[in-house]
Protein chains: 4
Amino acid sequence: ARARDYGVSPGVMAPGNWNAITDVKGVMVGHISLVEGDNIRTGATAILPHGGNIFQQKVPGAVYIGNGFGKLAGSSQVQELGNIETPIVLTNTLNIAEGIIGSVEYTLSEPGNEQVKSVNALVGETNDGYLNDIRQRSLRPSHIRQAIVQAKSGPVEEGNIGAGTGTVCFGFKGGIGTASRVLPKQLGGYTVGALVQSNFGGVLQIDGRALGEELGQYAFHQQLESADGSCMIIIATDAPLGARNLERMAKRAMLGLAKTGGIASNGSGDYVIAFSTAESMRIPYSLSSDELLTQDQVANDHMSGLFMATIEATEEAIINSLFAAEDMTGFQGNKVRALPVETLYPKP
Amino acid sequence: ARARDYGVSPGVMAPGNWNAITDVKGVMVGHISLVEGDNIRTGATAILPHGGNIFQQKVPGAVYIGNGFGKLAGSSQVQELGNIETPIVLTNTLNIAEGIIGSVEYTLSEPGNEQVKSVNALVGETNDGYLNDIRQRSLRPSHIRQAIVQAKSGPVEEGNIGAGTGTVCFGFKGGIGTASRVLPKQLGGYTVGALVQSNFGGVLQIDGRALGEELGQYAFHQQLESADGSCMIIIATDAPLGARNLERMAKRAMLGLAKTGGIASNGSGDYVIAFSTAESMRIPYSLSSDELLTQDQVANDHMSGLFMATIEATEEAIINSLFAAEDMTGFQGNKVRALPVETLYPKP
Amino acid sequence: ARARDYGVSPGVMAPGNWNAITDVKGVMVGHISLVEGDNIRTGATAILPHGGNIFQQKVPGAVYIGNGFGKLAGSSQVQELGNIETPIVLTNTLNIAEGIIGSVEYTLSEPGNEQVKSVNALVGETNDGYLNDIRQRSLRPSHIRQAIVQAKSGPVEEGNIGAGTGTVCFGFKGGIGTASRVLPKQLGGYTVGALVQSNFGGVLQIDGRALGEELGQYAFHQQLESADGSCMIIIATDAPLGARNLERMAKRAMLGLAKTGGIASNGSGDYVIAFSTAESMRIPYSLSSDELLTQDQVANDHMSGLFMATIEATEEAIINSLFAAEDMTGFQGNKVRALPVETLYPKP
Amino acid sequence: ARARDYGVSPGVMAPGNWNAITDVKGVMVGHISLVEGDNIRTGATAILPHGGNIFQQKVPGAVYIGNGFGKLAGSSQVQELGNIETPIVLTNTLNIAEGIIGSVEYTLSEPGNEQVKSVNALVGETNDGYLNDIRQRSLRPSHIRQAIVQAKSGPVEEGNIGAGTGTVCFGFKGGIGTASRVLPKQLGGYTVGALVQSNFGGVLQIDGRALGEELGQYAFHQQLESADGSCMIIIATDAPLGARNLERMAKRAMLGLAKTGGIASNGSGDYVIAFSTAESMRIPYSLSSDELLTQDQVANDHMSGLFMATIEATEEAIINSLFAAEDMTGFQGNKVRALPVETLYPKP
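First things first, this report covers the structure right here in the doc.

1. What about the overall build of chain A?
Now for step 1: The helix and strand tally for chain A stands at 7 helices and 16 strands.
Now for step 2: Against the globule reference of 20 Å for 348 residues, chain A gives a C-alpha radius of gyration of 19 Å, in line with a compact fold.
Now for step 3: In terms of overall dimensions, chain A has a C-alpha envelope of 65 × 50 × 35 Å along the principal axes.
Now for step 4: Expressed as a percentage of the 348 residues in chain A, the buried residues total 72%.
Now for step 5: Sequence separation of at least 24 residues holds for 79% of the intrachain contacts in chain A that already meet a minimum separation of 6.
Now for step 6: A total of about 10200 Å² of accessible surface is found on chain A, and carbon and sulfur atoms cover 48% of it.

Following this line, the structure appears as structure tokens:
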């Protein structure tokens, strides 16, 4: 189920065809879920900016850190050089290393990369240790490679899947969610897509409705619930943007998270990764010394529509992660219920 | 009028006595408004962290930049040294220099500062050029000093006053707004106060209600309205915090702005200044070379309640700026209406 | 006198025609010096990226902060938007506001700027309070405008002039210095120029020679000398660079400062401002909503030569400021001697 | 051999007992070197802030990025929370993941950490791919654990060892180097230690002597040599410092690198990690909600001596890495000679 099936449609801009990050042409998403026995509830999700050799044809990229209690690998090189050269991998906190190995092995083995000796794997995480026996570090590098090679365009599975298999959001079952927005022609007609791995808390608000208060379930309520946890957010766009304006877009994703009631608590790893798929902005691995990079970019003055689309798509992606998720029992018998969508949004 | 008079009370935490930044003990606010003839609609607002010699007893402070299209003077020294040594002054974009002079002259002339040769004035602004003939640069340094010396504790005037005299927010009259939150005892019992100079746009949302859509007035609506403008936000707390955790609090104020529908557009100067009034955290100007600074601080792990309070207080301060503002006509006959509070929130 | 007149030529790259920031085509420098009575020893220096209307044809720009105990106005907007829209003004610490007014008035009155309501003046400073009665704040906005309109290309006056009139460096008289480097054709053939206002301390080293130790004059020597003070550094280049790579170049200027023995002490305001004069990189004030910015840029991989040139030009500019400076007596009879160049570098 | 054996003693401050990072009480260093067959020339080095359970008794820490073309894992959490909770591990670029696993496994298995579900491994690297067949990714997590558990106080082995086994610096064999400085009593009497993994280029300068030019071997010389490569720098001190002032110290390490002729080229991963061993500054993992962190810190005003010590120790550590290294032949028969110390510094 998705939010729009229940009449929940935050914001004023129109979504794209699949209302998913894959509405940005070329973007592909792959999941691998690991649900084994009573205790293993985890997985990984890979987001590919395009279907070619990403290392040879890097995309402009940026990382914005909403709250840095997290282990995102590869952030400093993206921030320095303004580009992304590998698939983006999301997984659990203690499997970051396997995520790196999977991404590095995939990159080293791609045809054309035989001489490559340095790879900046971009691997984010949230902590699924309530439902998953995270200390087992169950994911293998081969799982990561599987998520990468299975990535495809079209509709994206949401909820208890991939890196969202074992996550919890606002006290309900969270997971993977996605959404998109298309700007009106007069604002450039660009598409902005968001994908989230939701695993955080606060005071839940859905398109303005104060559900956290309504259900009596929110951070610091009787000092019982914790707001901790994290949210990894990926923003894709076909607008031709350089790293600086991508970072500004990434920053706005946190405003979308705020609208769902997130508070970016101390223990949160809230990281946003943004990239542009515009072919004119690709950064070739090798460039002769007298070649310049020719780039036609959206000017600062025309960024506000993209900012607004980022906020809306992020808000809806988080909500979608809650609508799509289902009840789950896991590690040590811990149980997390899905948001009671049918009750809260009864169909007429 | 204030939001709570109409039943609008965002969030789940309790406000302080005056529901104002001055609920943080020691904090004082002073306004100077300049409404002259048909064209001058501007002013300044000064916020004092305490009533003593601020230069001699600096307070820990931080600046977070939500979007940097603005002219905040003094930010880099606060970020480097982690302290604030002057009153915080808010005014219009083209009167930043007069703000600096007023603040520097005030500081140089304070008893005890006779040998001072370096002063870091902290002066922020938003652009009131729609209602105010801003190119006249009408404020004098003496106006700024007046705002500083008139500062007082207790209730804070809101709306078309001080630095908010000529500002516009979501297409309605904006201005000064303030609010506060008191943490429950188990979370430390600290107070957090916010004061805003609201002058920005987006898609107005008041405590979850989608007023922008309801009234058909929001950014990019028919590509007519602009989302540009800015918001200066001041956060005060009596919690003993150092600069790093104050900066983290400041960052959360943008989440409060997001909940009102702000999008931090390209042309926005969205700056947040945060400080702690805790006496144990004061930084004396002179310290002998064998003295250490002794500071008892809130640990990272106990920051989340303060983050949540910051979000709530900022959201309500912005809403209060709209509820308190009144219709205004100014420069070139430009007219801005106040939010039609009575119509939108009819009393039973 | 200049360092090369005495055989001092740091680095391995060749200087430009004037060995000055003005070797970067289009760059102009203007000084105004105020030496009045016994106590006033100050001034201002303006650096113009090009001779046209800078506000209408902004240049890509960046600010890097080596140590932020300083009052540089305008830094946050440059960092957010990646461009510079006014002359760069250097002056003394307590005349920052007059620098802003002079720069704002100049910009507002330029033909074509009649409707401009927002100006980001970029004004840096160091503290000349040992030789100058700085609390008098002697500079007027008219002085600043004078420095701007008098700016010209060609050789640049160094030493006790403009913003360097009253500054002190490594215990000797400092001031304005400049130098440049031209990259070999195979590295792009670009020019990099540096201009400094030197006013800092440490352990003086000139092209490897440990002069501080030789002369027994350096920071913490008998705990007498202070290393405090500041250095404003301006880097210009004709290489087509965007804000991100300009910031990386700016960062390298601090490596040049390090080679002279600077330590970026706690009290230093060490700010570097970098810009590109490449016409293809200009950012027009107005752009229709369907226009993209077309920019041909140097790729990351080809930046290292520009980094090295920045280091060398900065090092030599600082040394030049010392070679050109002359003895000065000022405020309260304070006396600062010039570096005894003739003794240290006897001509054969 | 060490620099001081040849009369090379950069700076004016005195070194500590071992002239090593281990002069900072409690700091321990462990190496593991892997030299196998013709092609494997790599290793890892672990630096432990203290001998206890680091996760339970975290140390204040900071990361400063001189140039971010590198894969340092764990940086964002250190920057957000201001503390370090694991040993610092240095290794080669493509073994970062094994570094993380080794550090995470070590931490999870420490007595007292049985419930820990989140570990921020801090693992840096430089690229030893010229002498080492880096694509083999030869290090195993067990190697990393070995480096950690073998760590000890006292003299530190330098040159071709640990993470420095296969690195190259200024065209000569580089490797591990270390040095320290003790501040005079009047400046606090603190110790500052540096350890480097040197693997970068530029124009070599040793204590002011222009060796790069002398030997005709430097970056861009005939466009043959490359300046790329990286330098990992670790700074330890017993001065009681919080994260903000540790970051400022870390920033100064780049000034020390500059004095050796480094230029922080585009391809450099120049990362500095700084921490304080002061017991009064430890950050316990668990703190009850009404406890504050009590910390006696060095004030900003007394930081400059520590800055100078950082610059000197870093410069000498890099020089020591060159003096200690020896000729090496490795991958594909590549050969790198050691700096010809005996020739350059003939003993009388």
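2. What to know about the relation of the copies chain D and chain C
Now for step 1: Each copy superposes on the other: chain D lies on chain C with an RMSD of 0.0 Å after a rotation of 180° and an axial shift of 0.0 Å. What we have between these two chains is a two-fold relation. Among all C-alpha atoms of chain D, that of Gly208(D) lies closest to the rotation axis, at 1.8 Å.

3. Side note on the packing of helix H5 (residues 243-259) of chain C against helix H5 (residues 243-259) of chain D
Now for step 1: Between H5(C) and H5(D), the shortest axis-to-axis distance is 8 Å and the interhelical angle comes to 65°. Classified by chirality, the crossing of H5(D) by H5(C) is right-handed. On the side of H5(C), the interface is formed by Met254(C), Leu255(C), Ala258(C) and Lys259(C), while H5(D) contributes Met254(D), Leu255(D), Ala258(D) and Lys259(D).
Now for step 2: Counted by class, the contact of H5(C) with H5(D) contains 6 nonpolar, no polar and 2 charged residues.

4. Some points on the nonpolar core
Now for step 1: Membership of the largest hydrophobic core comes to 116 residues, with the highest contact counts inside it found for Phe323(C) and Phe323(D).
Now for step 2: Excluding anything up to four places from it in sequence, Phe323(C) contacts Ala1(C), Arg2(C), Ala3(C), Tyr6(C), Val8(C), Ile206(C), Leu339(C), Val341(C) and Tyr345(C).
Now for step 3: Of all hydrophobic cores here, the second largest spans 115 residues; its members include Cys169(A), Ala264(A), Met13(B) and Ile319(B).

5. A few points about the packing of aromatic side chains
Residue and element names in this part refer to chain B.
Now for step 1: Tallied over the full model, the rule gives 16 aromatic pairs over all chains.
Now for step 2: Relative to Tyr285, the ring of Phe55 has its centre 4.9 Å away and its plane inclined at 55°; by these criteria the two rings are tilted. Of the two residues, Phe55 sits in the loop between strand S2 (40-48) and strand S3 (57-68) while Tyr285 sits in the loop between strand S13 (283-284) and strand S14 (293-297), which places them 230 residues apart along the sequence.
Now for step 3: Residue Phe55 is classed as buried on the basis of its relative accessible area of 2%.
Now for step 4: By relative accessible area, Tyr285 is classed as partly exposed at 35%.

6. Examining the relation of the copies chain B and chain A
Now for step 1: Overlaying chain B with chain A gives an RMSD of 0.0 Å, the required rotation being 180° about an axis along which the chain moves by 0.0 Å.
Now for step 2: Taken together, the interface assignments show that 100% of the residues at the interface of chain B recur at the interface of chain A, consistent with an identical surface on both copies.

7. Here's the deal with the sheet that holds strand S1 (residues 28-36) of chain B
All names here are of chain B.
Now for step 1: Ordered by their spatial adjacency, 4 strands build an open sheet running S1-S2-S5-S6, and the pairing between neighbours is mixed. Every interior strand has two partners, whereas the edge strands, S1 and strand S6 (122-126), have only one. This sheet shows a mean twist of 15° between the axes of neighbouring strands, independent of strand direction.
Now for step 2: Of the strands in this sheet, S2, strand S5 (88-92) and S6 touch helix H2 (residues 96-109), which is tilted by about 155° from S6.
Now for step 3: Lying over the sheet, helix H3 (residues 141-149) contacts S1, S2 and S5, oriented at roughly 140° with respect to S1.

8. Quick word on helix H6 (residues 304-324) of chain D
Now for step 1: Given a rise of 1.5 Å per residue, 21 residues ought to cover 30 Å, and the 30 Å separating the end C-alpha atoms of H6(D) matches this to within 8%.
Now for step 2: Of all 21 residues in H6(D), 21 are buried; the element is thus mostly enclosed.

9. A few points about the sheet that holds strand S2 (residues 40-48) of chain C
All names here are of chain C.
Now for step 1: With mixed pairing, 4 strands are arranged side by side in an open sheet as S1-S2-S5-S6. Each edge of the sheet is formed by a strand with only one pairing partner; in this case those strands are strand S1 (28-36) and strand S6 (122-126). The mean inter-strand angle of the sheet, taken between neighbouring strand axes irrespective of direction, is 15°.
Now for step 2: Where strand S5 (residues 88-92) and S6 come together, 5 bridges link them in parallel fashion. Note on S6: the bridge partner recorded for Asn92 is Thr126.
Now for step 3: Lying on the sheet, helix H2 (residues 96-109) is in contact with S2, S5 and S6; it crosses S6 at an angle near 155°.
Now for step 4: Relative to the sheet, helix H3 (residues 141-149) contacts S1, S2 and S5, its axis offset from that of S1 by approximately 140°.

10. Regarding the interface of chain D and chain C
Now for step 1: Opposite the 40 residues of chain D that make contact, chain C presents 40 residues.
Now for step 2: In total, chain D and chain C occlude about 3100 Å² of area from one another, counting both sides; carbon and sulfur atoms represent 56% of this.
Now for step 3: Contact with chain C buries area across many residues of chain D, yet Phe220(D), Leu255(D) and Asn266(D) alone supply 19% of it, more than any other trio.
Now for step 4: At the surface where chain D touches chain C, the tally comes to 0 salt bridges.
Now for step 5: Viewed at the interface, chain C and chain D are joined by 21 residue pairs in polar contact (both at pLDDT 80 or more).
Now for step 6: Contributions of two or more residues to the side of chain D that touches chain C are made by strand S3 (57-68), H5 and H6 of chain D.
Now for step 7: In terms of residue count, the dominant contributor to the side of chain D that touches chain C is H5(D) (7 residues).
Now for step 8: Along the lines of polarity and charge, the residues of the side of chain D that touches chain C split into 18 nonpolar, 14 polar and 8 charged.

11. A word on the interface of chain B and chain A
Now for step 1: Contact residues are listed per partner, giving 40 residues for chain B and 40 residues for chain A.
Now for step 2: Carbon and sulfur atoms make up 56% of the surface buried where chain B meets chain A, a total of about 3100 Å² over both sides.
Now for step 3: Of all residues in chain B, Phe220(B), Leu255(B) and Asn266(B) bury the most surface against chain A, accounting for 19% of the area lost on that side.
Now for step 4: Linking chain B to chain A there are 0 salt bridges.
Now for step 5: On the surface where chain B and chain A come into contact, there are 21 residue pairs in polar contact (both at pLDDT 80 or more).
Now for step 6: Contributions of two or more residues to the side of chain B that touches chain A are made by S3, helix H5 (243-259) and helix H6 (304-324) of chain B.
Now for step 7: For the side of chain B that touches chain A, the leading source of residues is H5(B), giving 7 residues.
Now for step 8: Here the side of chain B that touches chain A is built from residues that sort into 18 nonpolar, 14 polar and 8 charged.

12. Quick look at the side chain of Asn95(C)
All names here are of chain C.
Now for step 1: Within the secondary structure, Asn95 is located in the loop between S5 and H2.
Now for step 2: On the basis of relative accessible area, Asn95 is assigned to the buried category, the value being 0%.
Now for step 3: At 3.0 Å, the side chain of Asn95 forms a polar contact with the side chain of Glu98.
Now for step 4: Of note is the side chain of Asn95, whose polar atom sits 3.3 Å from the backbone nitrogen of Leu139.
Now for step 5: Those residues in contact with Asn95 that lie beyond four places of it in its chain are Arg137, Ser138 and Leu139.

13. Let's talk about the pairing of strand S6 (residues 122-126) of chain A
Now for step 1: Within S6(A), 5 of the 5 residues are buried, which leaves the element mostly enclosed by the surrounding structure.
Now for step 2: Residues of S6(A) alternate between two faces, with Leu122(A), Gly124(A) and Thr126(A) on one and Val123(A) and Glu125(A) on the opposite face, all of them buried.

14. Examining the environment of Asp133(B)
All names here are of chain B.
Now for step 1: Relative to the assigned elements, Asp133 resides in the loop between S6 and H3.
Now for step 2: Distance from Asp133 to Ala1, taken between C-alpha atoms, is 28 Å for residues 132 residues apart in sequence.
Now for step 3: Here Asp133 is in contact with Asn39, Ile40 and Phe331, once residues within four sequence places are set aside.

15. Focus on the pattern of salt bridges
Residues and elements named next belong to chain B.
Now for step 1: Counted according to the given criterion, the structure contains 44 salt bridges over all chains.
Now for step 2: A salt bridge links Glu98 to Arg137; the nearest nitrogen and oxygen atoms lie 2.8 Å apart. A residue pair is termed long-range when its members are at least 10 positions apart, and Glu98 in helix H2 and Arg137 in the loop between S6 and H3 qualify at 39 residues.
Now for step 3: Among the ionic pairs, Glu98 bridges to Arg140, the shortest N-O distance being 3.8 Å. Residue Glu98 is found in helix H2, and its partner Arg140 is found in the loop between S6 and H3; the two are separated by 42 residues along the sequence.
Now for step 4: Judged by its relative accessible area of 39%, Arg140 is partly exposed.

16. With respect to the environment of Asn53(D)
All names here are of chain D.
Now for step 1: With respect to the element layout, Asn53 can be found in the loop between strand S2 (40-48) and S3.
Now for step 2: As for Asn53 and Asn113, which are separated by 60 residues in sequence, their C-alpha atoms are 8.8 Å apart.
Now for step 3: Setting aside residues no more than four positions away along its own chain, Asn53 makes contact with Glu110, Pro111 and Asn113.
Now for step 4: Here Phe55 takes part through its backbone nitrogen, which lies 3.1 Å from a polar atom of the side chain of Asn53.

17. Some details on unusual backbone geometry
Now for step 1: In this structure, Asp207(B) is a non-glycine residue whose phi angle is positive, near 50°.
Now for step 2: By the secondary structure assignment, Asp207(B) is in the loop between strand S10 (191-199) and helix H4 (211-214).
Now for step 3: You will see that Phe170(C), though not glycine, has its phi angle at about 55°, which is positive.
Now for step 4: Topologically, Phe170(C) is positioned in the loop between strand S7 (168-169) and strand S8 (172-173).

Analysis parameters
- Residues numbered from 1 in each chain as written.
- Chains lettered and ligands numbered in written order.
- Predicted model: local features only at pLDDT ≥ 70, side-chain atom pairs only at ≥ 80, totals over all residues.
- Heavy atoms only, no water.
- Helix = DSSP H or I, 4+ residues; strand = E, 2+ residues; numbered from the N terminus.
- Rg over C-alpha atoms; globule rule 2.2 N^0.38 Å.
- Buried < 20%, exposed > 50% of the residue type's maximum accessible area, 1.4 Å probe, protein only.
- Contact = heavy atoms within 4.5 Å.
- Areas by Shrake-Rupley, 256 points an atom, 1.4 Å probe, with all protein chains shown as cover.
- Least-squares fit on C-alpha atoms with pLDDT ≥ 70 in both.
- Axes fitted to C-alpha atoms, helices over the stretch in contact; angles between N-to-C directions.
- Left-handed = near helix turned anticlockwise from the far one by under 90°.
- Nonpolar A, V, L, I, M, F, W, Y, C, P; charged D, E, K, R; others polar.
- Core = buried A, V, L, I, M, F, W, Y, C linked by side-chain atoms within 4.5 Å.
- Phe/Tyr/Trp six-rings, centres within 6.5 Å; stacked < 30°, edge-to-face > 60°.
- Pairing = 2+ DSSP bridges.
- Expected span 1.5 Å × (residues − 1).
- Buried area = accessible area lost by both parts, 1.4 Å probe.
- Salt bridge = Lys/Arg side-chain N within 4 Å of Asp/Glu carboxyl O.
- Polar contact = N/O pair within 3.5 Å; in protein donor to acceptor, adjacent residues only side chain to side chain.

Note that every value here comes from positions in space, so none of it alone points to a role or purpose.
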